[in-house]
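# Commentary on secondary and tertiary structure
The chain contents come next:
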Amino acid sequence: MTAVREIVDSSSLADIFDLPPVLMNRKIEVIMYPAEESKKEIPRLTMAQIDEWTQAPELQAIAGILESADLPPDFNMKDVRQMRLEEKYGI
C-alpha cells in the first residue's frame, strides 16, 4: 500500500481540518494512505441454488411447523414477519 508521510505546520491545515487546540500552531505529522472502500455486494443466487436451499431439512422443518400451526390458508411470509415484529417490538 502506498502512503505519504509529511511533517507540516498545522496552520497550513487549519482551513482543511477542524484541528483541536492542542495541535494549533505546532509542527504535526500527517500520514495519508488510500481509504479502503468496502462495497458489500448482495450475492447473486441462481434459481437452482434457491431451489436447493429451500429443500434443506431445516427449512422443511419450519415449513412443516407453519403448516401444522392452524394458520389460515392465505397466511404468507409477510404475515409471519408482521407477527414476529408484534411479538418482539409491540408494533
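Below: a short report on this structure.

What counts, and where the lines are drawn
Residues numbered from 1 in each chain as written. Predicted model: local features only at pLDDT ≥ 70, side-chain atom pairs only at ≥ 80, totals over all residues. Heavy atoms only, no water. Helix = DSSP H or I, 4+ residues; strand = E, 2+ residues; numbered from the N terminus. Buried < 20%, exposed > 50% of the residue type's maximum accessible area, 1.4 Å probe, protein only. Contact = heavy atoms within 4.5 Å. Patch = residues over 30% accessible without salt bridge, like charges linked within 9 Å, V, L, I, M, F, W, Y side chains within 5 Å. Areas by Shrake-Rupley, 256 points an atom, 1.4 Å probe, with all protein chains shown as cover. Salt bridge = Lys/Arg side-chain N within 4 Å of Asp/Glu carboxyl O. Expected span 1.5 Å × (residues − 1).

## Considerations on the overall build of the chain
Looking only at helices and strands, the chain has 3 helices and 2 strands in total. Listed by position from the N terminus, the elements making up the chain come as β-β-α-α-α. Residues counted as buried form 7% of the 91 residues belonging to the chain. Across the chain, contacts joining residues at least 24 apart in sequence account for 34% of those joining residues at least 6 apart.

## Points about unusual backbone geometry
Look at Asn-25: it is not a glycine, yet its phi comes out positive at around 55°. Turning to its location among the elements, Asn-25 is positioned in the loop between strand E1 (4–9) and strand E2 (27–32).

## Digging into a nonpolar patch on the surface
Taken together, Leu-45, Met-47, Ile-50, Trp-53 and Leu-59 make up a surface patch of nonpolar side chains, about 480 Å² in accessible area. No other element matches helix H1 (residues 47–54), which puts 3 residues into the nonpolar patch. Relative to the helices and strands, Trp-53 is located in helix H1.

## What about the side chain of Ser-10?
On the secondary structure map, Ser-10 appears in the loop between E1 and E2. Judged by its relative accessible area of 0%, Ser-10 is buried. In contact with Ser-10, not counting residues within four places along its chain, are Leu-19, Leu-23, Met-24, Asn-25, Arg-26 and Ile-28.

## A few points about the pattern of salt bridges
A side chain with one charge may pair with a side chain of the opposite charge, provided their charged atoms come close. As enumerated under the stated definition, the model contains 1 salt bridge in all. Residues Arg-5 and Glu-29 are paired through a salt bridge, measuring 2.1 Å at the closest nitrogen-oxygen approach. Of this pair, Arg-5 sits in strand E1 while Glu-29 sits in strand E2; the two residues are 24 residues apart in sequence, bridging distant segments of the chain. With relative accessibility at 40%, the residue Glu-29 sits in the partly exposed group.

## Section: helix H3 (residues 77–89)
For H3, which comprises 13 residues, the first-to-last C-alpha distance of 18 Å matches the rise-based estimate of 18 Å (1.5 Å per residue) to within 8%. Gly-90 lies just past H3 and shows a positive phi near 70°.

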